[in-house]
Amino acid sequence: MSRFDRYVMSQLMVLFGFFALVLVSIYWINQAVRLFDRLIGDGQSAFVFIEFTALTLPNVIRLVLPVAVFAGSVYVTNRLSSDSELVVMQATGFSPWRLARPVLYYGLIVGLMMTILTHILVPISLGQMKLRENEISRNITAKLLTEGTFLHPADGITFYIRDITLDGALEDVFLSDRRSDNRAMTYTANRAYLINDDGATKLVMVDGMAQSYLRDGNRLFTTHFVDFTYDISDLIGVSDVNVRQIRNSPTWELIREPAAIAAETGESIGRAIEELHYRVNQAFLCVVAALIGFSTLLVGSFSRFGVWRQIVAALVLLVIIKLVEGLVTDAVRANADLWPLVYGPSVAGAMMSVTLLYWAAKPRRRRQPHGKATAA
């Protein structure tokens with residue numbers, strides 16, 4: 001690698017790191033706020049929140065890498081053009097194709113990062129997150145044992161605990177069951193205990209009262225009890241969570257047996273094939289984003305107003321690539337035989353870059369006054 005290539009590469013990687021850090025921080029904080037509201041509101045500990053936030057990081061990085069590599073390429077190219085460094089290199093005989101070589105290296109390095117993310121880190125993190133979600137959804141203690149808060153673990157159910165003692169006793173328990181249209185049940189107890197009886201979770205209330213309100217006739221019945229057992233297993237309403245999904249399936253399994261994974265996850269074979277080639281194509285999109293950001297700004301003559309028109313054109317080309325990606329995704333999911341279309345956005349972006357570099361390499365004739373041209 002020549003000195004010029006190393007110089008441009010260093011500039012690109014520094015700016016790429018800056019934009020990636022900023023974008024990851026924005027996306028990550030946004031997801032962390034939603035996770036905090038959902039997990040802490042359900043009675044989870046701060047450790048669970050930190051764990052889930054860390055598991056979302058690989059997927060967040062995967063989402064922002066193409067944008068960061070494009071922003072770094074545009075910013076560095078704009079700065080090299082403003083400082084006339086590109087003009088100097090072209091005057092020494094460097095063609096646009098030669099100038100694009102360090103940008104290609106830059107895109108390949110980021111593409112390698114994307115490959116590691118899409119094939120290894122993201123499936124592992126998503127799988128672990130789905131597993132932990134399944135465990136938490138089945139954890140009745142986390143849903144009910146929250147002091148001083150009115151909880152609604154299921155529709156029509158309200159549960160309240162004033163305090164939890166060190167020995168696990170629940171102080172001042174309130175339970176309201178309004179799931180029936182004709183009857184509303186309310187239980188209050190000075191103390192209660194949660195027990196596990198043959199896989200069923202039961203609430204044993206001590207020294208309390210049960211109130212039964214019949215809407216027909218507006219009649220209220222009260223019963224005082226010394227101890228009363230109430231089965232609360234169905235209050236949580238836990239749904240069977242399918243831990244295995246296409247997104248968290250390892251790439252090597254998608255290559256060997258896509259039909260088996262599609263059947264296990266309840267998805268179509270086209271969805272499995274599309275996911276496999278989508279992961280491969282993400283690395284190519286990073287290379288394409290870097291080249292489009294560079295080649296678009298290389299086109300055009302010097303202007304005192306800068307290269308804002310070229311930057312807008314580069315953004316438009318990037319949007320077109322994303323639109324093509326959305327169109328081919330639906331087609332491949334409907335018909336697995338159309339899997340080559342997944343690489344359509346990368347092919348289209350590569351053709352755009354080649355066209356722009358060819359345009360930038362064409363010699364431009366300067367218009368001369370009519371009299372001088374005739375004399376010549």
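Note that this is a predicted model, so its numbers are computed, not measured.

**Topic: the pairing of strand 1 (residues 157-164)**
Note that strand 1 and strand 2 (residues 170-177) share 7 bridges and pair antiparallel. Counterpart to Y160 in the pairing with strand 2 is F174. Here strand 1 folds back onto strand 2, and the loop between the two strands holds 5 residues, one of which, G168, carries a positive phi near 90°.

**Some details on a nonpolar patch on the surface**
Nonpolar side chains collect at one region of the surface, where F18, V22, I26, Y27 and L63 lie side by side and expose about 460 Å² of accessible area between them. Examining the composition of the nonpolar patch, we find that 4 residues originate from one element, helix 1 (residues 3-41), more than from any other. Inspection of the secondary structure assignment puts L63 in helix 2 (residues 46-82).

**Thoughts on the pattern of salt bridges**
Overall, the coordinates contain 11 salt bridges when judged by the stated rule. A salt bridge links D172 to R162; the nearest nitrogen and oxygen atoms lie 2.4 Å apart. One end of the pair, D172, is in strand 2; the other, R162, is in strand 1, with 10 residues separating them in the sequence. Judged by relative accessible area, which is 31%, D172 ranks as partly exposed. Residue classification places R162 among the partly exposed positions, given a relative accessible area of 43%. The partner of R333 in a salt bridge is E274, and the shortest N-O contact between them spans 3.3 Å. Of the two residues, R333 sits in helix 10 (residues 308-334) while E274 sits in helix 9 (residues 269-298), which places them 59 residues apart along the sequence. Classification of E274 as buried rests on a relative accessible area of 3%. Each of the salt bridges in this network shares a partner with another, and the network as a whole consists of R271, E274, E275, R279 and R333.

**Notes on the sheet that holds strand 4 (residues 200-214)**
The strands that make up a sheet are held in pairs by hydrogen bonds between backbone atoms, and each pair lies either parallel or antiparallel. With antiparallel pairing, the 5 strands of this open sheet are ordered in space as 1-2-3-4-5. In this open sheet, the two strands that pair with only one neighbour each are strand 1 and strand 5 (219-231). When the angles between neighbouring strand axes are averaged without regard to direction, this sheet yields 20°. Inspection of the sheet shows strand 4 paired to strand 5 by 12 bridges, in the antiparallel sense. Bridge pairing in strand 5 places Y213 opposite L220.

**With respect to helix 11 (residues 344-361)**
With 18 residues, helix 11 extends 26 Å between its outermost C-alpha atoms, agreeing within 8% with the 26 Å of an ideal straight helix rising 1.5 Å per residue. Restricting attention to buried positions, one finds in helix 11 the residues P345, S346, G349, M352, S353, L356, L357 and A360. The arc that holds the buried residues of helix 11, viewed along the axis, is 130°, so those residues lie on one side. In helix 11, the exposed positions angled more than 90 degrees off the buried face are occupied by M351, T355 and Y358. Of the surrounding secondary structure, the elements contacted by the buried residues of helix 11 are helix 4 (96-99), helix 9 and helix 10.

Calculation criteria
- Residues numbered from 1 in each chain as written.
- Predicted model: local features only at pLDDT ≥ 70, side-chain atom pairs only at ≥ 80, totals over all residues.
- Heavy atoms only, no water.
- Pairing = 2+ DSSP bridges.
- Helix = DSSP H or I, 4+ residues; strand = E, 2+ residues; numbered from the N terminus.
- Patch = residues over 30% accessible without salt bridge, like charges linked within 9 Å, V, L, I, M, F, W, Y side chains within 5 Å.
- Areas by Shrake-Rupley, 256 points an atom, 1.4 Å probe, with all protein chains shown as cover.
- Salt bridge = Lys/Arg side-chain N within 4 Å of Asp/Glu carboxyl O.
- Buried < 20%, exposed > 50% of the residue type's maximum accessible area, 1.4 Å probe, protein only.
- Axes fitted to C-alpha atoms, helices over the stretch in contact; angles between N-to-C directions.
- Expected span 1.5 Å × (residues − 1).
- Arc of directions from axis to C-beta.
- Contact = heavy atoms within 4.5 Å.

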